[in-house]
Amino acid sequence: MTRGVCRLAPSPTGAQHLGNARTFLIAYWSARSQDVRLILRIEDIDSPRVKPWATQQAITDLRWLGMDWDGEPIIQTERSSLYDEARQKLLDDNRIYPCTCTRRDIEAAASAPHESPASGWAPDAPVYPGTCSTWQNGEPLPTGKPFCFRYRMNAHPNKFTDLVHGEVTCDPLTDIGDFPITRKAEHAEDCLAAYQLAVVIDDIDAGVTEVVRGDDLILSTFRQLQLYESLGQMPPAYAHVPLVTGTDGRRLAKRHGDTRLSHFRDQGMSPETIVQWAAESSGLVATMSLDGLTMHQMHRQMIEQFDWSKLQRSPTIVESFNETE
Ligand code: GLU
Ligand code: ZN
């Protein structure tokens, strides 16, 4: 019997780049430093953005960097009946309501400047103005107009202890607001799960005990904590790791040049170079301490010495990856 479950959860919405690689490696080292099962979950529910080639490429990328996992990959698009069940329970409990607002409606109503969030983390979406929230379970669902299901945010839980950032607090009502748990459709049964719901249901179902992900998702954790509470489940431990950004301070993306792992692989770069960079740039080991080691030795050392307190809390800026060598 192992004592927990960790996961690698790539989204095949495009190629995995350096920033993703570093987050996955940190999750991998943490998992393998504990007596836990490590699962691979493919987060492929974001259908318009998912690319058919990207799942296999993500698996190739992870293997190329010397990572392994336990059991077959879990595929979100094969699990919609689980999400539907949870949606129905939340609806029966009046925790969600149908919302017909368009993105434009919400942006227009939410446009009044509001103060910086209590959390100190930049808002990740406009706060929903509450337009459709008077609906109560038992009333008819909207007809002739697509709707999503939106969760009624509570004032609590308003804090959690992160393994990287320590105590994180916010005011869920004013910093975040009611959030969609499904995509839009004209009929309730066609409202496919959105990220917030799918990730919580999958983590509960797999018994996940530790979530390691980028700290751009820190406010989403407050959304997910509410879902755990509504579903009567214990949340996992969270470690939100700093992102890799370009010199403009923005999360690494196309505009910063080609940092796709597949590109480095095609160019003949050794995966050890990337693993060593991830280890050193995150602060987990001293510069050059992995010099000359094989992939296997590097991973062994990272796993043996793994310690969250060494992880740097600020983002890592990458100018040009080839030049950082
Ligand atoms: N699939 C997300 C990503 O690749 C991670 C979501 C999560 O860990 O909850 O960024
Ligand atoms: Zn609405």
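Here is what the cut-offs are and how they apply
Residues numbered from 1 in each chain as written. Chains lettered and ligands numbered in written order. Predicted model: local features only at pLDDT ≥ 70, side-chain atom pairs only at ≥ 80, totals over all residues. Heavy atoms only, no water. Core = buried A, V, L, I, M, F, W, Y, C linked by side-chain atoms within 4.5 Å. Buried < 20%, exposed > 50% of the residue type's maximum accessible area, 1.4 Å probe, protein only. Helix = DSSP H or I, 4+ residues; strand = E, 2+ residues; numbered from the N terminus. Contact = heavy atoms within 4.5 Å. Pairing = 2+ DSSP bridges. Expected span 1.5 Å × (residues − 1). Near = heavy atom within 4 Å. Polar contact = N/O pair within 3.5 Å; in protein donor to acceptor, adjacent residues only side chain to side chain. Areas by Shrake-Rupley, 256 points an atom, 1.4 Å probe, with all protein chains shown as cover. Nonpolar A, V, L, I, M, F, W, Y, C, P; charged D, E, K, R; others polar. UniProt positions renumbered as here; feature names shortened; annotations may be inferred. Disulfide = S-S within 2.5 Å.

**Points about the nonpolar core**
As a rule of thumb, soluble globular proteins bury nonpolar side chains together. Counting 48 residues, the largest nonpolar core has Leu8, Ile26, Trp29, Leu65, Ile274 and Trp308 as the members making the most contacts within it. Every element with two or more residues in this core is listed here: strand 1 (5-8), helix 1 (18-32), strand 2 (37-42), helix 2 (54-64), strand 10 (237-241), helix 8 (261-266), helix 9 (271-281) and helix 10 (295-304). Here this core gets nine residues from one element, more than from any other, and that element is helix 1. Residue contacts for Trp308: discarding those within four places in its chain leaves Ile26, Ser30, Leu163, Val164, Glu210, Val212, Ala239 and Val241. Ranked by size, the runner-up nonpolar core spans 45 residues in total, among them Val5, Tyr97, Cys170 and Ala188.

**With respect to the pairing of strand 10**
Along strand 10, four of the five residues are buried, which leaves the element largely enclosed by surrounding structure. Two elements, strand 9 (residues 210-214) and strand 10, share five bridges in a ladder whose sense is parallel. What sits directly across from Val212, in strand 10, is Ala239.

**Section: helix 7 (residues 218-230)**
Here helix 7 spans 19 Å end to end across 13 residues, near enough to the 18 Å set by a 1.5 Å rise per residue. Looking only at helix 7, the buried set comprises Ile218, Leu219, Ser220, Thr221, Phe222, Arg223, Gln224, Leu225, Gln226, Leu227, Tyr228 and Ser230. Once helix 7 ends, the next one or two residues include Gly232, with phi positive near 65 degrees.

**Side note on the site of ligand 1**
Taken together, Arg7, Ala9, Ser11, Glu43, Tyr195, Val199, Arg213 and Leu217 make up the full set of residues near ligand 1. Contacts to ligand 1 include Glu43, whose side-chain N or O atom sits 2.6 Å from a nitrogen atom. In this structure, an oxygen atom belonging to ligand 1 sits 2.8 Å away from a side-chain N or O atom of Tyr195. Within the complex, 83% of the 300 Å² of free accessible area of ligand 1 lies under protein. Taken together, the residues of the shell around ligand 1 break down into four nonpolar, one polar and three charged.

**As for the UniProt feature "binding site: L-glutamate" (unreviewed entry) in the protein chain**
When the UniProt feature table is mapped onto this chain numbering, "binding site: L-glutamate" (unreviewed entry) sits at Arg7, Leu8, Ala9, Pro10, Ser11, Glu43, Tyr195 and Arg213. One can find Ala9 in the loop between strand 1 and helix 1. Since its relative accessible area comes to 16%, Ala9 is described here as buried. Aside from chain neighbours lying at most four places away, what touches Ala9 is Phe24, Arg41 and Glu43. Along the chain, Glu43 falls in the loop between strand 2 and helix 2. Classification of Glu43 as buried rests on a relative accessible area of 8%. Setting aside chain neighbours within four positions, we find Glu43 in contact with Ala9, Pro10, Ser11, Pro12, Gln76, Tyr195 and Val199.

**Side note on the side chain of Ser282**
Checked against the element boundaries, Ser282 lands in the loop between helix 9 and helix 10. Of note is the side chain of Ser282, whose polar atom sits 3.0 Å from the backbone oxygen of Ala279. When neighbours within four sequence positions are excluded, Ser282 is seen to be in contact with Arg22, Ile26, Trp277, Lys310, Leu311 and Gln312.

**A short note on the state of the cysteines**
Counted according to the given criterion, the structure contains zero disulfides. Cys148 provides the cysteine sulfur closest to Cys191, a residue in no disulfide bond, and the two sulfurs are 7.4 Å apart.

**Concerning the pairing of strand 6 (residues 159-162)**
The alternating pattern of strand 6 places Phe160 and Asp162 on a buried face, while none of Lys159 and Thr161, on the opposite face, is buried. Relative to strand 7 (residues 166-169), strand 6 runs antiparallel, the two being bridged by four bridges. When the sheet's bridge partners are listed, Thr161 is paired in strand 7 with Glu167. Between strand 6 and strand 7, which pair antiparallel and follow one another directly, the connecting turn spans three residues.

**Observations concerning the sheet that holds strand 4 (residues 96-99)**
Spatially, the three strands line up as an open sheet ordered 4-5-8, and their pairing is antiparallel. Looking at the sheet topology across the chains shown, the edges are occupied by strand 4 and strand 8 (179-180). In terms of strand pairing, strand 5 (residues 148-151) meets strand 8 through two bridges, oriented antiparallel. By the bridge assignment for strand 8, Tyr151 is matched with Phe179.

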